[in-house]
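For reference, the chains in residue letters:
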Number of protein chains: 2
Amino acid sequence: MSAHDTALRLTFLGTGNAAQTPVYGCACPVCARARQETAYRRGPCSALLEIAGQRWLIDSGLPDLAERFPVGSLTGILQTHYHADHAEGLLRLRWGLAPPLPVYGPDDPAGFADLYRHPGPLDFSRPFTAFERRRMTSANRARPMGEEYPVEGEPLASDDTGVFYVTAIPLAHSRPCFGYLIEAAPADSARNVRLAYLTDTVGLPPESETYLKRQRIDLLVLDATFPPQPSAPRNHNDLTRALQTAAVLAPGKTLLTHIGHTLDAWLSSPDAQLPPGVACAKDGAYVEF
Amino acid sequence: MSAHDTALRLTFLGTGNAAQTPVYGCACPVCARARQETAYRRGPCSALLEIAGQRWLIDSGLPDLAERFPVGSLTGILQTHYHADHAEGLLRLRWGLAPPLPVYGPDDPAGFADLYRHPGPLDFSRPFTAFERRRMTSANRARPMGEEYPVEGEPLASDDTGVFYVTAIPLAHSRPCFGYLIEAAPADSARNVRLAYLTDTVGLPPESETYLKRQRIDLLVLDATFPPQPSAPRNHNDLTRALQTAAVLAPGKTLLTHIGHTLDAWLSSPDAQLPPGVACAKDGAYVEF
């Protein structure tokens, strides 16, 4: 099924926290199982959004982006923030001989490593502002430059004239960080599909919670890094805070991501249960509307 | 053949420049061939040094170090400098549940990304000083800490009581950067084996050239990023400057590394020829003494 048959497809490319699963050197049952069976691994938290004939990465922490996404296969990148586990893959792309690739994220003066100094084809020139709602078209997607050799890859389908909207939602993290509210008009319905992708965050800033509570959200994708903690952790949700946010926003469905090995271990206990409508995302799984 | 049968084995894990080969998006013949045939790829410039019962990485730019080197399989890391293509793999290792892993490199206050702020098990506390000659033993290699779960991996062989010497050689690059002169006593010979690993650099600082000219070098591994240029490039050797350095140091053999796709393209011309005793390194190849 191509992305053109649906209004929106979100594929989870990675659902792990910064350490990923298996954690290097860790022999806990969760990490041991993930080392044996690739289906249980959790890579750097990121997703592929296919919508309105466009293909956007949400975060770029996968180190093998050059192999996964040949030039021409991506419209651009929605960057939540510039921590290494969300941006590492840009380190290779920026040396590419490729047309400009828009990277839309927060206006973080530090960025990641020396990316701003040597951006290559990565175009960081249009960061989002808080609560900006941007009309996303692929019309301004750059075409191949006059390189000495033609660039590889096929352009996107010629019917990529669709439009969707992205709103930048400020999150509560250790550096400038946006979640994204994504709105698509499905082919067979009068109403918009709304997806909120909120990571990395611990709880929500009050203005963001107020803004999102006004929306009807079909799918909430939410940071849930740790098992329940006695008090709120720094920078990331534990399961308690994640479920509180899910209850407040009351989406159609909630998928947890940015999952650390200790949360997987906690959830493997026979007593652990997630509320109805809440589940853990898995690497490689996708949802469609 | 295990490393214990030889005095020194150097395995080239990556022989590419920052862009690697194939370059993202490039369809030149060199990149097209590398995309088809993995044997022609060049990954981030790095090597594995097996010597005196110890196993040291030279540079850590490979993003999959966690998969390649389980905890316990490395004695430590010799870091030439902290550019992304030489240090990217540390981003994951530093979240490991693992005993301390020494990372010996130049005293670069910036380091790479936020590694110094969140080093995890990486131990940056003993940088080299210029021309320091350090006695390398695995006696002070840390043993697993009292983790909740035992760490994976086998300890090194119990006869890892060998000793070798490393001298830090200042190079001419855009940030603090050391090459390394490595000295091992082979099992079957009275004289030392000497390997000079010199990347990233353009030419050599005069003091480094003077120092190295006094040594009998069996193997020179040298930065050769570009084909011959009319004038010296910045930060990296072109082939002209690399061959000049090789002629001055007069090693037993020279292997070029940090090779960009344009040098491979230049070398594929029928007229192109390297002098006797000079060859290009290849990913996965090794040399033994």
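Model, not experiment: these values are computed from the prediction.

A. Layout of the overall build of chain A. Secondary structure assignment for chain A yields seven helices and 14 strands. Counting all 289 residues of chain A, 57% fall into the buried class. Taking the intrachain contacts of chain A between residues at least 6 apart in sequence as the baseline, contacts between residues at least 24 apart amount to 67%. Per element, the accessible surface of chain A, about 11,600 Å² overall, is 52% carbon and sulfur.

B. Region of interest: the relation of the copies chain B and chain A. Note on the copies: chain B fits chain A at an RMSD of 0.0 Å, the axial shift is 0.0 Å, and the rotation between them is 180°. Here the symmetry operator amounts to a two-fold rotation axis. By C-alpha distance to the rotation axis, the residue of chain B lying nearest is Ala 113 of chain B, at 2.4 Å.

C. Representation of the side chain of Asp 238 of chain A. Residues and elements named next belong to chain A. Inspection of the secondary structure puts Asp 238 in the loop between strand E11 (219-223) and helix H6 (239-249). Looking at Asp 238, its side chain comes within polar contact range of the main-chain nitrogen of Gln 229, at 2.8 Å. Setting aside its immediate chain neighbours within four residues, Asp 238 contacts Phe 226, Pro 227, Pro 228, Gln 229 and Pro 233.

D. Broad picture of the layout of surface pockets. The calculated volume of the second largest pocket comes to roughly 910 Å³. Along the wall of the second largest pocket there are 38 residues; nearest its centre are Trp 95, Asp 114 and His 118 of chain A together with Ala 18 and His 83 of chain B. Of the residues assigned to the lining of the second largest pocket, the class counts are 13 nonpolar, 16 polar and nine charged.

E. Quick peek at the sheet that holds strand E8 (residues 163-170) of chain B. Residues and elements named next belong to chain B. Taken together, the seven strands give an open sheet; going across it, the order is E7-E8-E9-E10-E11-E12-E13, and neighbouring strands pair in mixed fashion. Both outer strands of the open sheet, strand E7 (133-137) and strand E13 (278-280), are each paired with one neighbouring strand and no more. Each strand of the sheet is rotated relative to its neighbour by a mean of 20°, with strand direction disregarded. As paired elements, strand E9 (residues 178-184) and strand E10 (residues 193-198) share five bridges and run antiparallel to each other. Its bridge partner lying in E10, Glu 183 is registered against Arg 194. Each of E8, E9 and E10 touches helix H5 (residues 206-213); the most contacted strand, E8, lies at about 145° to it. The strands touched by helix H6 (residues 239-249) are E10, strand E11 (219-223), strand E12 (253-257) and E13; relative to E11, the strand with the most contacts, the crossing angle is about 155°.

Quick notes on the rules
Residues numbered from 1 in each chain as written. Chains lettered and ligands numbered in written order. Predicted model: local features only at pLDDT ≥ 70, side-chain atom pairs only at ≥ 80, totals over all residues. Heavy atoms only, no water. Helix = DSSP H or I, 4+ residues; strand = E, 2+ residues; numbered from the N terminus. Buried < 20%, exposed > 50% of the residue type's maximum accessible area, 1.4 Å probe, protein only. Contact = heavy atoms within 4.5 Å. Areas by Shrake-Rupley, 256 points an atom, 1.4 Å probe, with all protein chains shown as cover. Least-squares fit on C-alpha atoms with pLDDT ≥ 70 in both. Polar contact = N/O pair within 3.5 Å; in protein donor to acceptor, adjacent residues only side chain to side chain. 1 Å grid on protein atoms, 1.4 Å probe; cavity = no way out; pocket = protein on both sides within 12 Å on 5 of 7 lines; lining within 4 Å. Points joined across faces, edges and corners; volume = space filled by probe spheres on them. Nonpolar A, V, L, I, M, F, W, Y, C, P; charged D, E, K, R; others polar. Pairing = 2+ DSSP bridges. Axes fitted to C-alpha atoms, helices over the stretch in contact; angles between N-to-C directions.

By themselves, these figures tell us nothing about what the structure is for.
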